[in-house]
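Next come the chains, spelled out residue by residue.
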Amino acid sequence: MRERLGYLLKRCSNLKQVATAHGSMVRTALDHDKLLLGQFIETCSSLGLSAYAHSVFAVTPQHHRHTYVFNTMIKALTLSNSAFEALLVYKSMGRAELQPDCYSFPFALKAVVDLRALSLGTQIHSQTIRTGLDSNIHVVSALIQMYSSCDCILDAQKVFDDMPLTSVSSDDVVVWCAMIAGYVKVGDPDNAMDLLDRMPQTRTHGTVLVSWTSVIAGYAQMGRPNESIAVFRRMWLKNVEADEIAMLAVLSACAQLGAMHVQLGECIHGYILKRGFDRMAPLKNALMEMYSNSGNISNALQVFENMTHRTVVSWTTIISALAFHGLGTQALDMFSRMEIAQIKPNDITFIAVLCACTHVGLLDLGHYYFNAMPYKYGIQPGIQHYGCMVDLLGRAGYLAEAVELVRQMPFQPNEAIWGSLLSASNIHGDAELGELALLNLIELEPWNSGNYALLSNIFASTGRWDKSVMARKLMRKKGVRKTPGWSYVQVSNEAHEFIAGDTSHPRFEMIHDMLFNMSEQIKISHCIPVNEFDELLDF
């Protein structure tokens, strides 16, 4: 009978069938059988019925409960985002006079992560020491994940350092992967890369790939795309075959660099097609963003048109790409296609739509979409939507209306909104509005040297020289330094960064000599005044 009920539980696909199976367990007095009860909880969990499983577990007499059943219940509750209830079940193990094992602790620590309950996590850590399981591979990995998720990376490192790694096995590598992921989580990809370099070699491809992907994504998330791509190249040279997650990570880095690494992006596109990953919408979305940022909107459109399954993210990505390239009319046409396809837009979609209206100068249409967001689409405008409308009004010359919208909006204006007003004031020559915008920008961005310079220039343009000098003095008093200019140039598939005043480039002397020779040639041909070009040589 036990085997028959076990088979019945495996075939359950809805609440009615689960209830029928549970009724059979009760009638045959097998509802207290630990294996069947555990299987019943797992079935409920897989069907999203963890609350039902918990209600059955709660009325089970304590003397019929087993550590396996407790573990299954804790896991099910954790997976159903019921972390608090999971920890209550974990705590009740003590009342049942049962001791947690190497499976109990990881499940409980996962619930701690969900609640960000560090104090509970440290208590569970103490329990692992008392039970002698603090050196268990799975417990150590869970402790590292818990501490790093709570931003206690030094505690995670201590747990890692105390782990006696006596052999090079796939289990040991799991701990290394947890520590690498921990450093990435707290925004420290350099230490993550250092650990990856020192990680023991293993034949477990999947585990190693996860760590490489984690570091690649970590550098990209920290706005360091060059390092991200360099790590990807190293992974490739080590014959670690990339999966779709690794592709997403490196495409993100390529998108940040735009045209600098478009050839790598194209190679990745070819690899995606070769491996059959091209059916995956997230990869297609990343390809569209990469092509758009590199200036190749036609390739981005081609990727979109070849998609068989388009999500709201896909539509939003291509609308944003078209708007970004100044193709506002095409972007709005694409939005119309999206509505015909009955794909419901989200808040990000409307940012792209309003940007498209701004590029084309369609003030009335922008007003319509902005006002239609709450009543037609059920989306309340956020500060970014207000920012788009302020930009649209400002560019169209409706400065008073833009200022009034800022006063009426239910948010405190941020840097982007004041920046839009500043841009509009410059376009339409409104020095008073420009001064207002810059004074607010200086409060919000006291470190931004450009704001002080612009404010000084506005004062000077209106003949208020005393205030112009005062703005410069204020900048020096606050210790704000002028941000040096920089640029990228790509030579032989390698991106070179140049910063004003920097002499660290390995070919600096050769570049300087070339500029000097160019300067001399221009002086001879009298193309520009001598002193004007000399400023370019003043590194």
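For clarity, every value in this text was computed on a predicted model and none was experimentally measured. (Residues numbered from 1 in each chain as written. Predicted model: local features only at pLDDT ≥ 70, side-chain atom pairs only at ≥ 80, totals over all residues. Heavy atoms only, no water.)

Novice: Give me the packing of aromatic side chains: which residues, what numbers.
Specialist: Following the criterion strictly, the structure yields 14 aromatic pairs and no others. Between Phe370 and Tyr386, the aromatic rings sit 5.1 Å apart at their centres with planes inclined by 80°, giving edge-to-face as the arrangement. Placement of the pair is Phe370 in helix H22 (residues 363-377) and Tyr386 in helix H23 (residues 383-395), with a sequence separation of 16 residues. Members of the aromatic cluster, connected to one another through ring pairs, are Phe335, Phe350, Tyr368, Tyr369 and Tyr377. Against the face of Phe304 rests Arg310, its NZ or CZ located 4.4 Å from the ring centre. (Phe/Tyr/Trp six-rings, centres within 6.5 Å; stacked < 30°, edge-to-face > 60°. Helix = DSSP H or I, 4+ residues; strand = E, 2+ residues; numbered from the N terminus. Lys NZ or Arg CZ within 6 Å of the ring centre and 35° of its normal.)

Novice: Before we move on, could you go through a nonpolar patch on the surface and cite the residues and values that matter?
Specialist: A cluster of nonpolar side chains, namely Phe84, Leu88 and Leu115, defines an oily patch on the protein surface of about 290 Å² accessible area. Here Leu115 lies in helix H7 (residues 104-115). Classification of Leu115 as partly exposed rests on a relative accessible area of 36%. (Patch = residues over 30% accessible without salt bridge, like charges linked within 9 Å, V, L, I, M, F, W, Y side chains within 5 Å. Areas by Shrake-Rupley, 256 points an atom, 1.4 Å probe, with all protein chains shown as cover. Salt bridge = Lys/Arg side-chain N within 4 Å of Asp/Glu carboxyl O. Buried < 20%, exposed > 50% of the residue type's maximum accessible area, 1.4 Å probe, protein only.)

Novice: Can you explain the nonpolar core? Please cite residues and give values.
Specialist: Counting residues in each nonpolar core, the largest one holds 160 residues, and the members touching the most others are Phe40, Ile41, Ile144, Met235, Ile319, Tyr369 and Leu421. Those residues in contact with Ile144, other than ones at most four positions away along the chain, are Ala156, Val159, Phe160, Val175, Ala178 and Met179. (Core = buried A, V, L, I, M, F, W, Y, C linked by side-chain atoms within 4.5 Å. Contact = heavy atoms within 4.5 Å.)

Novice: Outline the side chain of Ser104, supporting the account with residue identities and numerical values.
Specialist: Here Ser104 shows up in helix H7. You can call Ser104 buried: its relative accessible area is 0%.

Novice: Which residues make up the pattern of salt bridges, and what values go with them?
Specialist: Counted according to the given criterion, the structure contains 11 salt bridges. Here Arg224 ties to Asp190 by a salt bridge, and the two come within 3.0 Å at their closest N and O atoms. Of this pair, Arg224 sits in the loop between helix H13 (205-221) and helix H14 (225-237) while Asp190 sits in helix H12 (residues 189-198), placing them 34 residues apart in sequence. Here Asp190 falls in the partly exposed class, since its relative accessible area comes to 38%. Between Arg224 and Glu227 there is a salt bridge, and its shortest N-O distance comes to 3.1 Å. Taking relative accessible area as the criterion, Arg224 reaches 25% and is therefore assigned partly exposed. Of the residues examined, Glu227 reaches a relative accessible area of 31% and is grouped as partly exposed.

Novice: Could you give an account of the UniProt feature "repeat: PPR" (unreviewed entry) in the protein, with specific residues and numbers?
Specialist: When the UniProt feature table is mapped onto this chain numbering, "repeat: PPR" (unreviewed entry) sits at residues 172-202, 208-242 and 311-345. Each end of residues 311-345 is marked by a C-alpha atom, and these two atoms are 10 Å apart; helix forms 74% of the span and strand 0%. (UniProt positions renumbered as here; feature names shortened; annotations may be inferred.)

Novice: Explain helix H9 (residues 137-149) to me, and be specific about the residues and the numbers.
Specialist: Every α-helix winds through 3.6 residues per turn, so residues three or four apart in the chain are directed the same way. Spanning 13 residues, H9 covers 18 Å between terminal C-alpha atoms, matching the ideal 18 Å at 1.5 Å per step. Of all 13 residues in H9, 11 are buried, a share of seventy percent or more. Three or more residues of H9 are buried, namely Ile137, Val139, Val140, Ser141, Ala142, Leu143, Ile144, Met146, Tyr147, Ser148 and Ser149. N-cap assignment for H9: the residue whose side-chain oxygen lies 3.0 Å from the backbone N of His138 is Asn136. Once H9 finishes, Asp151 follows within two positions and takes phi at roughly 65°, a positive value. (Expected span 1.5 Å × (residues − 1). Polar contact = N/O pair within 3.5 Å; in protein donor to acceptor, adjacent residues only side chain to side chain.)

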